[in-house]
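Topology and contacts: notes
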Amino acid sequence: MRTLKRLGLAAGAWVLVVAAFGPAHADGLSKFNEQIKAKLPPDTLKYKSAKALGDNGFELDDVIFTPPPDATGGAKAEPVKIKSITVDELDFDSVGKQAPPNFLKMRIEGVDIGDKPAEGVDLKAMTGLDKLSADFQFDYRIDPAKKTLTVNRVEINLNGLARLEMSMVLDNISLDDAAQPDKAMNETTLRTASLVYDDRSLLAKALPAGAKAMQGSDPGVLIAMAKGVLDGMRAGQGEPTQKAFDAIESYMEDYKAPKG
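Report on the accompanying structure. (Residues numbered from 1 in each chain as written. Predicted model: local features only at pLDDT ≥ 70, side-chain atom pairs only at ≥ 80, totals over all residues. Heavy atoms only, no water.)

For the rest of this paragraph, the subject is the packing of aromatic side chains. By the definition in use, this model includes 3 aromatic pairs. Their ring planes at 25 degrees and their centres at 4.4 Å tell us that F32 and F58 sit as a pair that is stacked. On the criterion of sequence distance, the pair formed by F32 in helix α2 (residues 28-35) and F58 in strand β2 (residues 58-65) is long-range, its members being 26 residues apart. Given a relative accessible area of 5%, F32 falls into the buried group. On the accessibility criterion, F58 (3% relative accessible area) is buried. Relative to Y140, the ring of F138 has its centre 5.3 Å away and its plane inclined at 45 degrees; by these criteria the two rings are tilted. In this structure F138 comes out as partly exposed when scored by relative accessible area, which is 33%. Y140 sits in the buried class, given a relative accessible area of 9%. Taking the ring centre of F103 as reference, the NZ or CZ of R141 above it sits at 4.6 Å. (Phe/Tyr/Trp six-rings, centres within 6.5 Å; stacked < 30°, edge-to-face > 60°. Helix = DSSP H or I, 4+ residues; strand = E, 2+ residues; numbered from the N terminus. Buried < 20%, exposed > 50% of the residue type's maximum accessible area, 1.4 Å probe, protein only. Lys NZ or Arg CZ within 6 Å of the ring centre and 35° of its normal.)

Bringing the environment of K39 into the picture now. With respect to the helices and strands, K39 occurs in the loop between α2 and β1 (45-52). Owing to a relative accessible area of 53%, K39 belongs among the exposed residues under this scheme. When sequence neighbours within four positions are dropped, the list of residues in contact with K39 reads E34 and Q98. (Contact = heavy atoms within 4.5 Å.)

Before going further, it helps to spend a moment on the environment of L190. With respect to the secondary-structure elements, L190 resides in strand β8 (residues 189-199). On a C-alpha basis, the gap between L190 and M168 in space is 7.5 Å, while along the polypeptide they are 22 residues apart. Once residues within four sequence positions are removed from consideration, L190 is found in contact with M168, V169 and L170.

Now the structure itself:
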């Protein structure tokens with residue numbers, strides 16, 4: 001009996017040793033470091049602190065992202081400061097197989113945008129602002145068996161200027177179709193879609209700036225040009241689409257103080 005007890009105690013002790021010193025369970029941050037960060041060019045991504053969010057999520061705070069040369073055509077890229085990157089869940093199984101992830105839910109908050117974020121874009125001339133802070137959200141899931149893509153949320157928030165939010169459900173699609181856009185356009189069907197645009201001051205700033213860039217033209221000229229384009233698109237459209245065009249035209253006409 002004593003021998004059995006000793007064997008039992010020994011087995012229990014061995015289990016504790018294996019649990020304490022055996023292979024560690026890979027959490028979301030460990031997977032990110034191994035499968036994503038380790039494959040980035042040196043000095044591409046730096047951050048002050050990080051933590052795991054379960055098995056498939058992580059959070060990075062006080063981030064500095066410097067686009068690699070191959071993403072900027074060889075031109076030197078300026079570092080981008082980001083307050084935080086939060087990934088609630090990511091399909092690391094697919095990432096590990098060098099395949100597009102079947103699901104992703106993430107938030108990027110506090111992205112600093114300078115006065116010239118891209119070639120030919122002058123933020124100060126367009127909005128009167130020297131810099132801008134932006135937030136992004138992306139949440140999608142694809143069912144490979146049913147070939148259904150559910151985009152729960154895509155959101156771009158230009159703080160103080162405007163917010164754009166979109167959701168949709170697409171049928172007969174797979175992530176492999178991303179490399180075959182013609183096939184996707186011919187075979188994919190849109191089941192539902194929702195688009196919300198919240199203007200806080202963007203149009204009131206952008207229209208006069210755009211008119212000024214056109215050799216001192218009046219904002220009314222730009223509105224007339226845009227309405228002309230919309231009128232050409234109205235032909236053969238149903239009542240719901242016609243109402244949408246009416247709303248867009250009213251929005252442009254009320255650019256100084258958009259209503260609704």
